[in-house]
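Chain by chain, the residues run as shown.
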Amino acid sequence: MLKAILHQFHTQAQPYDYELRPSDETLAILSFEEIAQPHVMEGPPSLPPFLRCSADDVDDDVSLSSDASARTSESSAEFINLACEEDDTKTLQCYFTGCTYVNTENILLTDWSNNVLRLTNQHGILCDSLPLEKSPWDITSARDGQAVVTVPKLRKVLVVEVEPNLHIVSSFNTHGECFGVCKVRGGYVVTCDACSRTPSVQMYTDNGGVQWSLDVDDLGQRWFRCPLHVCTDYLQTMIYVSDSGANCVYSISLTGEILSTFKHKDLNYPTGVIFDRHNYLYVCSKKTSMLLKFNKDGSKEATVMRESDSVCSPCAVCRHPDGDHFIVTDLSVNHTAGYWKLNIG
């Protein structure tokens, strides 16, 4: 009976044929030509969303020094303003998310906001630059005069040389958007898909072959939340990954097993990590505006830089080959034209 009733309704239904015609009133409100016309908005370079500071992260009572040569008594740090070799009056606006010494005299910086690699000497004079297709994130020295660079959106690690000028030598693809990178014996450790649901730490050979990948534990739970930077200890016997989403640093074996976790109340949104020649670990804590020093067992040794030293949003850190000082990049708008030089003795 129900089938018969439904059949009757179907046969009696009248087909409708609609023709949509926009009225003059509609066209007066919606100008499709204007909607499709892009307008370029001029503004300062932008940071990726996971590195932007909210208003709550900034202390209104702290006055940031604008003097490039201002030194601090606690940390012996000075801010180096970058200057162009051909025009030392030109002011740059950059967000440096990675840095490394490529030899004893020159520093390579990844300029995220301008899609450029920048080469500078120790006095802050820009010597060369290399435009890239997409924004570079991190960089580490491979050997004298050579470095490797991660480009997340391209899912590539680039190998670059500085002589006779800054140029790309080779590259290899990664399994995911690559962020942090460090050199280990026989290859590189890379953090991938840092701001996704499936972040991982992967080890690659020099030719780009995957040796291992670390993402979930035995129960299928992900190890990481947002791994942004990575380093090894001074003797390259262990790997250390900063996880800004979990507010911790993981120590990992060279074969890909997590060994321990560093946590501290001052460690909030950790980014750049580096070891000094005495095997102390230094971590940039972005939201507490600190550079923290840890023993290898994970206990805090000291606060090396803090907001009272005018550092506001430390991101990346690298060590001079002689081991006597660090370079620290700062993502605050007051420090987009240079970096901190920190003497550590």
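Shown above is the structure to which this text applies.
Rules of the game
Residues numbered from 1 in each chain as written. Predicted model: local features only at pLDDT ≥ 70, side-chain atom pairs only at ≥ 80, totals over all residues. Heavy atoms only, no water. Core = buried A, V, L, I, M, F, W, Y, C linked by side-chain atoms within 4.5 Å. Buried < 20%, exposed > 50% of the residue type's maximum accessible area, 1.4 Å probe, protein only. Helix = DSSP H or I, 4+ residues; strand = E, 2+ residues; numbered from the N terminus. Contact = heavy atoms within 4.5 Å. Phe/Tyr/Trp six-rings, centres within 6.5 Å; stacked < 30°, edge-to-face > 60°. Lys NZ or Arg CZ within 6 Å of the ring centre and 35° of its normal. Pairing = 2+ DSSP bridges. Axes fitted to C-alpha atoms, helices over the stretch in contact; angles between N-to-C directions.

A. Representation of the nonpolar core in the model. Counting 16 residues, the largest nonpolar core has Val189, Trp212, Phe224, Ile239, Tyr250 and Ile252 as its most contacted members. Elements represented by at least two residues in this core include exactly strand S11 (178-184), strand S13 (200-205), strand S14 (210-214), strand S16 (239-243) and strand S17 (248-252). With three residues, S17 is the single largest residue contributor to this core. Setting aside chain neighbours within four positions, we find tryptophan 212 in contact with Val201, Gln202, Met203, Ile239, Ile252, Ser253, Leu254, Thr255 and Gly256.

B. Region of interest: the packing of aromatic side chains. For the structure shown, the criterion picks out ten aromatic pairs. Ring geometry for phenylalanine 172 against tyrosine 204: centres 5.5 Å apart, planes inclined by 35 degrees, an arrangement best described as tilted. With phenylalanine 172 in strand S10 (residues 167-173) and tyrosine 204 in strand S13, the pair connects residues that are 32 residues apart, well separated along the chain. Each member of the pair phenylalanine 172 and tyrosine 204 is classed as buried. Each residue in the set Tyr240, Phe262, Phe275 and Phe294 is aromatic and connected to the rest through ring pairs, giving one cluster. The positively charged end of lysine 286 is found above the aromatic ring belonging to tyrosine 269, 5.7 Å away from the centroid. In this structure, lysine 293 is placed above the aromatic ring of tyrosine 280, and the distance from its NZ or CZ to the ring centre is 4.4 Å.

C. Region of interest: unusual backbone geometry. Residues glutamate 163 and proline 164 are joined by a peptide bond in cis, for which omega reads 0 degrees. The topology assignment puts proline 164 in the loop between strand S9 (156-161) and S10. The backbone of serine 289 sits at a positive phi, close to 55 degrees, despite the residue not being glycine. Tracing the backbone shows serine 289 in the loop between strand S20 (281-285) and strand S21 (290-294).

D. Expanded view of the sheet that holds strand S25 (residues 338-343). Ordered in space as S1-S25-S24-S23, the four strands form an open sheet in which the pairing is antiparallel. Lying at the two open borders of the sheet, with one neighbouring strand each, are strand S1 (77-81) and strand S23 (314-319). Sheet twist, expressed as the average angle between the axes of neighbouring strands with direction ignored, equals 25 degrees. With five bridges joining them, S1 and S25 adopt antiparallel strand pairing. If you follow alanine 77 over to S25, its bridge partner there is leucine 342.

E. Summary view of the sheet that holds S13. Spatially, the four strands line up as an open sheet ordered S11-S12-S13-S14, and their pairing is antiparallel. The sheet terminates laterally at S11 and S14, the two strands that pair on one side only. Across this sheet, the average inter-strand angle for adjacent strands is 20 degrees, counted without regard to direction. One ladder, built from four bridges, connects S13 with S14; its direction is antiparallel. Across the sheet, residue methionine 203 finds its bridge partner in S14, namely tryptophan 212.

These results come straight from atomic positions and should not be treated as a statement about function.
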